[in-house]
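# Examination of the molecular architecture
Given next are the chains, with one letter for each unit.
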Amino acid sequence: MEDKQIIELYFARDEQAIQETDIKYGRLCTSVSYNILANASDAEECVNDTYFHTWNQIPPTVPLYFSAFLCKIVRNLSLKRLDYLTAKKRCPQVVVSLEELEAILPDDRMASQVESEELGRIISLFLRTEKAEARNVFLRKYLFMDSVSDIAARYGYEESKVKSMLFRTRSRLRAYLKKEGVEV
Amino acid sequence: MKTSKIVDALHYIDEDLVAEAITYRPKEEDVAEEIIKISEANGKETTMKKKGKIAKRTLLVAALIAVLVLGTLTVAVAAFRGSLAESLRSMFKVSGELEEDLLTREDGLLQIIETPAALETSKSQTMENTEIVETVRETIEKEEDIFDQEGDITSVTCNGITVRVVQALVDRYHVNLIFRIEGLGEANKKGVGFRKFEINIDGKAAGSGGGGLEFVGEDYVEYSWSVRPEDYNNEGPGWFLGKQIEIKFTDVDMFLGKEMGSYIIQEGEWNLKWTMQGTVDTNIFMLNHELEPEIIITEVELTPISAVVRYEFLKQTVQGQTANGGVANFIKDPPFILSAILKGGTLLEYIGGMGRDGHVPGSTTEFVSIRALRMLIEPSEVDSLIFRDSNTGKEYIVPLYDK
């Protein structure tokens, strides 16, 4: 079913909307959540929460990119869930990803002055200046929390190439943020 | 602390970038090996590598190469029938009298992009039929040459496929473009799209947007793209009117289903440019309507395709419980526009569409919601608007006029 038709079902308050969402995007949502939580039952709960939030937000929201809309919700809920769980249960892969991102914003005092929304807008602008392959590798890693090996398999690259691309993109992002006055 | 800052920031990445990351595949020549994803019973994916080309895609491309004999680049403005594009009809639920009104109004809302005289003076360039990649490269070189020339390019044919911009609905906040694509041959048109779509206005990336296949005709399809040009240099709403718009379509691809993803069926670039026209007409209603204590609607601005609502609303984060018992922080939103009631009593349900909402930079109380409408309206006919709180489900009727 086309996204537009699924959204129409939400507007009609037809519960079939959730089933159609699950059929089309359940696997994608589960994959995003599982990458963060590394636990099938936790991931399943987050995916169910995602449908619950989607049901509450549509209408009035009409997502322009339904898949991206769902991914953002499931990612957010999964990260919150991760915070909720004990540190011992954290997925090492996610911890590594987040530590890599830490290096981009070395001075927390400066970073705290920038709203997350504004920072997201700046990062979006930066990503638009990047080549498509570097941009998408970056997003797969830090937004979808895919592992380096999964990204390499997805795009047919060597793992070393993925690591190198991520390193260079992070370096360029760091320089870009500095230029924008986000970093000292 | 700083980790959570940047993790939170990634939540605000533009959705078109996120959508691209979901479907993006590198060009075939960049990929050394084919990757096949296998879905296991537990929902987890594993991957295996297979040497060689992707058989299905090769077949599709080969089938098209057989019918694509010439690459032709036409600099012309195409005539389009004097009625509304099917896509605009369905996107904005326009029919009957409303369509007639739209076609005859002179305020610039509807742009029928045609200059028939240009057809007589159009130039065509025909390239040799060589290997497909060489043809594409040759075409791009020619297009760059032509981009240096003055004048509009609203129709381009490359490798047998023609892309033309035919109509647009444009106001101070939104640009809705309709393209017509011809020459797709035997391709399953329902799955056809473009691998990449870039749009610049006055030399700047045009902000957030999205679109896709809207209508499938017998020998053509209609493709839409809607954008909300962000404000640049505080130029304000409508800054883009009268400015040059440049659009680049890259590679026709086809969605082959969830498992196979999208594959390029015809490489090429289709570059268009013309001057953006549109209307600055708008209707502003100054209000002071309290929805709840500390949620006040101060102003509503309506055009036939946009609604802008200004609120006095204190920025706040609220903690809530998720369905599985977890606790999460949510940024509280005010109620958003849902429906409209016309002066005759007719209810237009769910008019509020995609949009951008948030506090004005530097303010913690002034909140603005800019929404595209999901149907064409006549602002002077609107009596009141219905707003809905997405958290509580509570609805509010807000009259636009004093009773």
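Structure: see above.
What counts, and at which threshold
- Residues numbered from 1 in each chain as written.
- Chains lettered and ligands numbered in written order.
- Predicted model: local features only at pLDDT ≥ 70, side-chain atom pairs only at ≥ 80, totals over all residues.
- Heavy atoms only, no water.
- Helix = DSSP H or I, 4+ residues; strand = E, 2+ residues; numbered from the N terminus.
- Buried < 20%, exposed > 50% of the residue type's maximum accessible area, 1.4 Å probe, protein only.
- Contact = heavy atoms within 4.5 Å.
- Areas by Shrake-Rupley, 256 points an atom, 1.4 Å probe, with all protein chains shown as cover.
- Phe/Tyr/Trp six-rings, centres within 6.5 Å; stacked < 30°, edge-to-face > 60°.
- Axes fitted to C-alpha atoms, helices over the stretch in contact; angles between N-to-C directions.
- Parallel < 35°, antiparallel > 145°, perpendicular 65-115°, else oblique.
- Left-handed = near helix turned anticlockwise from the far one by under 90°.
- Core = buried A, V, L, I, M, F, W, Y, C linked by side-chain atoms within 4.5 Å.
- Expected span 1.5 Å × (residues − 1).
- Pairing = 2+ DSSP bridges.

### Remarks on the overall build of chain A
Of regular secondary structure, chain A possesses ten helices and zero strands. Ordered by position in the sequence, the α and β elements of chain A form the string α-α-α-α-α-α-α-α-α-α. Per-residue burial for chain A yields a buried fraction of 55% across its 184 residues. Restricting the contact set of chain A to residue pairs at least 6 apart, pairs at least 24 apart contribute 66%. If you sum the accessible surface of chain A, you get close to 8,000 Å²; carbon and sulfur atoms cover 50% of it.

### Focus on the packing of aromatic side chains
Counting across every chain of the model gives 23 aromatic pairs over all chains. For the pair Phe 126 of chain A and Tyr 176 of chain A, a centre-to-centre distance of 5.4 Å together with 55° between the ring planes defines the contact as tilted. Here the residue Phe 126 of chain A occupies a position in helix α7 (residues 116–129), and Tyr 176 of chain A occupies one in helix α10 (residues 159–179), the gap between them amounting to 50 residues. The buried category is assigned to Phe 126 of chain A, whose relative accessible area is 2%. Members of the aromatic cluster, each reached through a chain of ring pairs, are Phe 179, Phe 194, Phe 197, Tyr 223, Trp 225, Phe 249 and Trp 270 of chain B.

### Re the packing of α7 of chain A against α10 of chain A
All names here are of chain A. One way to put it is that α7 packs onto α10 with a least axis distance of 10 Å and a crossing angle of 125°. Relative to α10, the element α7 lies oblique. Every pair of crossing elements has a handedness; the one defined by α7 and α10 is right-handed. Across the interface between the two elements, Leu 119, Ile 122, Ile 123, Leu 125 and Phe 126 from α7 touch Thr 169, Arg 172, Leu 173, Tyr 176 and Leu 177 from α10.

### Things to note about the nonpolar core
Phe 179 and Phe 249 of chain B are the most contacted members of the largest nonpolar core, which has 102 residues in total. A per-element tally of this core places helix α4 (residues 66–84) of chain A first, with eight residues. Each residue touching Phe 249 of chain B, except ones within four places of it in the same chain, is listed here: Val 163, Phe 179, Phe 194, Lys 196, Phe 197, Tyr 223, Gly 268, Glu 269, Trp 270 and Leu 272 of chain B. Among the nonpolar cores identified, the runner-up in size contains 27 residues, and Leu 287, Val 309, Ile 337 and Phe 367 of chain B belong to it.

### Focus on α4 of chain A
For α4 of chain A, which comprises 19 residues, the first-to-last C-alpha distance of 27 Å matches the rise-based estimate of 27 Å (1.5 Å per residue) to within 8%. For α4 of chain A, a buried count of 15 out of 19 residues is recorded, marking the element as mostly surrounded by other parts of the structure.

### Quick word on the sheet that holds strand β24 (residues 382–388) of chain B
Taking strand neighbours across the sheet as the criterion, the four strands line up as β21-β20-β24-β25 (chain B) in an open arrangement whose pairing is antiparallel. The strands lining the two open edges of the sheet, one partner per strand, are β21 (347–348) and β25 (395–399) of chain B.

By themselves these figures say nothing about function.
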